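Spelled out, the chains give:
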Amino acid sequence: MSDRSGIFAGEDPFAIARAWLAEAEQTEPNDPNAIALATVDSSGLPNTRMVLLKDIEDGAFVFYTNYESAKAQELEQAGKAAFVMHWKSLRRQIRVRGTISREDGPQADEYYKSRSLKSRLGAWASKQSQPLDSRGALMAGVAKVTAAKGPNPPRPPFWGGYRLTPVEIEFWADGAFRLHDRFRWRREDSAGEWEILRLNP
């Protein structure tokens, strides 16, 4: 499009997303890679929560979680999800919708190894989304896991990644008088060609 220039320029939406995230890493005070991940449960009731995006690949977005959590159950059941990444410091956001697949191989192993030891042990100890008697019970579980797994615990079989392959990405930037700039990239499926449209604010 003739007016898609500046921060919106380029023919690769994943490169644009990486550039925006890199810029946000210089300005956002906390967790510039935080996304609000939306799913639906088996009855169609929406659910949303904050998750840390860990990779923007050439064709997908990757995050990690406990496969027994509520979010994972909803991701598996629907096979689709959406998220928004919003940066107050930049007055920009990226909205993404698409299909979900597991990242349960060497890439997940490498990411797990890169986490702090306490985070790795916590992944073993937490029965994510399940009822918990007290914080003391959780910490006792961490102590038990620490004794059992040692200083180099393997990735739990119930913990790994998800890859969201988008069919729609929208780049949004704040504009004067609430006349915001919005460009929507949309394709029929993950192998399709992108159609790019400027949207009204």
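Conventions adopted
- Numbers given to residues run from 1 along each chain, matching the order in which its sequence is written.
- In keeping with the model being predicted, local features are shown solely for residues with a pLDDT of at least 70 and side-chain atom pairs are shown and tallied solely at 80 or more, while totals for entire chains, interfaces and linings include all residues.
- Working from all heavy atoms in the structure, the side-chain values ignore hydrogens and water.
- UniProt positions are given in the numbering used here, feature names are shortened, and annotations may be inferred rather than shown by experiment.
- Within this scheme a cavity is a closed region of a 1 Å grid, computed over the protein atoms alone, that accommodates a 1.4 Å probe without allowing it to escape, whereas a pocket is open but has protein on both sides within 12 Å along at least five of seven lines; lining residues each have an atom within 4 Å of a point.
- A helix here means a DSSP run of H or I that spans at least four residues, while a strand means a run of E at least two residues long, and both kinds are numbered starting from the N terminus.
- With a 1.4 Å probe rolled over the protein chains alone, any residue whose accessible area is under 20% of its type maximum counts as buried; one over 50% counts as exposed, and the rest are partly exposed.
- Pairing of N or O atoms within 3.5 Å defines a polar contact, subject to two protein rules: one partner must be a possible hydrogen donor and the other a possible acceptor, and residues neighboring in sequence count only if both atoms are side-chain atoms.
- Residue contacts are defined here by distance: any two heavy atoms, one from each residue, within 4.5 Å place the two residues in contact.
- When a carboxyl oxygen of Asp or Glu is within 4 Å of a side-chain nitrogen of Lys or Arg, the pair counts as a salt bridge.
- In this scheme Phe, Tyr and Trp rings, the latter by its six-membered ring, pair at centre separations within 6.5 Å, and the angle between planes marks the pair as stacked below 30 degrees, edge-to-face above 60, and tilted otherwise.
- Grid points are joined across faces, edges and corners, and a volume is the space filled by probe spheres set on the points.
- Gly falls in the polar group here, along with every residue not listed as nonpolar (Ala, Val, Leu, Ile, Met, Phe, Trp, Tyr, Cys, Pro) or charged (Asp, Glu, Lys, Arg).

(A) Representation of the UniProt feature "binding site: substrate" (unreviewed entry) in the protein. Taking the numbering used here, the UniProt-annotated feature "binding site: substrate" (unreviewed entry) corresponds to K54, Y111, R115, S119, R178, L179 and H180. In three dimensions, the annotated residues from a span of 127 residues occupy distinct locations, with a maximal C-alpha spread of 42.7 Å. The annotated residues that sit in the lining of the largest pocket are K54, Y111, R115 and S119. By the secondary structure assignment, S119 is in helix α4 (residues 117–125). Residue class for S119 comes out partly exposed when judged on its relative accessible area of 31%. Within polar-contact distance, the side chain of S119 engages the side chain of S116 at 3.0 Å. One can find H180 in the loop between β6 (159–173) and β7 (181–186). The exposure class assigned to H180 is buried, which follows from its relative accessible area of 10%. Aside from chain neighbours lying at most four places away, what touches H180 is W172, A173, D174, G175 and P201.

(B) Expanded view of the pattern of salt bridges. Throughout the structure, instances matching the rule amount to 16 salt bridges. In this structure, R163 and E57 form a salt bridge, with 2.8 Å as the shortest nitrogen-oxygen distance. Of the two residues, R163 sits in strand β6 while E57 sits in the loop between β2 (46–56) and β3 (61–66), which places them 106 residues apart along the sequence. Summarising the burial analysis for this pair, R163 and E57 share the class buried. The shortest N-O distance in the salt bridge between E170 and R182 comes to 2.8 Å. Within this pair, whereas E170 is found in strand β6, its partner R182 is found in strand β7, the two being separated by twelve residues in sequence. Of the two residues examined, E170 and R182, each falls in the buried class. Look at the salt bridges and you will find they share partners, linking E57, E103 and R163 into a network.

(C) Representation of the packing of aromatic side chains. The full count for this structure, using the stated rule, is 16 aromatic pairs. Ring centres of Y64 and Y111 lie 4.4 Å apart, and the angle between their planes is 25 degrees; on these two criteria the pair is classed as stacked. Residue Y64 is found in strand β3, and its partner Y111 is found in helix α3 (residues 106–114); the two are separated by 47 residues along the sequence. Here W185 and W194 contribute two aromatic rings whose centre-to-centre distance is 6.1 Å and whose plane-to-plane angle is 80 degrees, an arrangement assigned as edge-to-face. For W185, a relative accessible area of 1% puts it in the buried group. Taken together, the aromatic side chains of F8, F14, W20, F61, F83, W87, F171, F183, W185 and W194 make up a single cluster linked through ring pairs.

(D) The layout of surface pockets, seen in detail. Quantified by volume, the largest pocket comes out at close to 370 Å³. What lines the largest pocket is a set of 17 residues, and nearest its centre among them are Y64, T65, R115, Q128 and W159. At the level of elements, β2, β3 and α4 are the ones that each hand at least two residues to the lining of the largest pocket. The biggest single contributor to the lining of the largest pocket is β2, with five residues. Split into classes, the residues belonging to the lining of the largest pocket amount to seven nonpolar, six polar and four charged. Each pocket or cavity is described by its volume, and for the second largest pocket that value is around 280 Å³. Around the second largest pocket, the lining is made up of 15 residues, and of these A125, S126, K127, L132 and L138 lie nearest the centre.

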